[in-house]
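What follows is each chain in one-letter form.
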Amino acid sequence: MTQKNDPVDKPVHYTTSCSIECIDAIKAALSTEQFEGWLRGNVIKYLWRYPHKNKLEDLRKAQFYLNRLITDKIEDQTKLK
């Protein structure tokens, strides 16, 4: 099966070498607070550079990391209930 190369949501270069996505490995390696900081840092990075580098693609990447942060926070709140 050929994987669609979406440079924002599912970049092929992050998923072809193994079955675990890079972002999931990073989450497993970091504490909850560290992973949240990493996500926030990526949002800042892509917002910072979007006018000078990849424009809309960088805005989409910032949105991806922000959405992931929101999803993880919702999951955290659900676990506490």
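Going by the structure above, here's the rest.
Residues numbered from 1 in each chain as written. Predicted model: local features only at pLDDT ≥ 70, side-chain atom pairs only at ≥ 80, totals over all residues. Heavy atoms only, no water.

### Regarding the packing of helix α1 (residues 22–29) against helix α3 (residues 56–80)
The N-to-C vectors of α1 and α3 enclose an angle of 45 degrees; their axes lie 14 Å apart at closest approach. It follows from the interaxial angle that α1 and α3 lie oblique. The interaxial crossing formed by α1 with α3 has right-handed handedness. Here α1 contributes Ile 23, Asp 24 and Lys 27 to the contact with α3, which in turn contributes Phe 64, Tyr 65, Arg 68, Asp 72 and Glu 75. (Axes fitted to C-alpha atoms, helices over the stretch in contact; angles between N-to-C directions. Helix = DSSP H or I, 4+ residues; strand = E, 2+ residues; numbered from the N terminus. Parallel < 35°, antiparallel > 145°, perpendicular 65-115°, else oblique. Left-handed = near helix turned anticlockwise from the far one by under 90°. Contact = heavy atoms within 4.5 Å.)

### With respect to the environment of Lys 73
One can find Lys 73 in helix α3. Owing to a relative accessible area of 35%, Lys 73 belongs among the partly exposed residues under this scheme. Within the local environment of Lys 73, its side chain forms a polar contact with the side chain of Glu 36, the two groups lying 2.9 Å apart. (Buried < 20%, exposed > 50% of the residue type's maximum accessible area, 1.4 Å probe, protein only. Polar contact = N/O pair within 3.5 Å; in protein donor to acceptor, adjacent residues only side chain to side chain.)

### Description of the nonpolar core
Counting residues in each nonpolar core, the largest one holds 10 residues, listed as Val 8, Ile 23, Phe 35, Leu 39, Val 43, Tyr 46, Ala 62, Phe 64, Tyr 65 and Leu 69. At the level of elements, α2 (32–49) and α3 are the ones that each hand at least two residues to this core. (Core = buried A, V, L, I, M, F, W, Y, C linked by side-chain atoms within 4.5 Å.)

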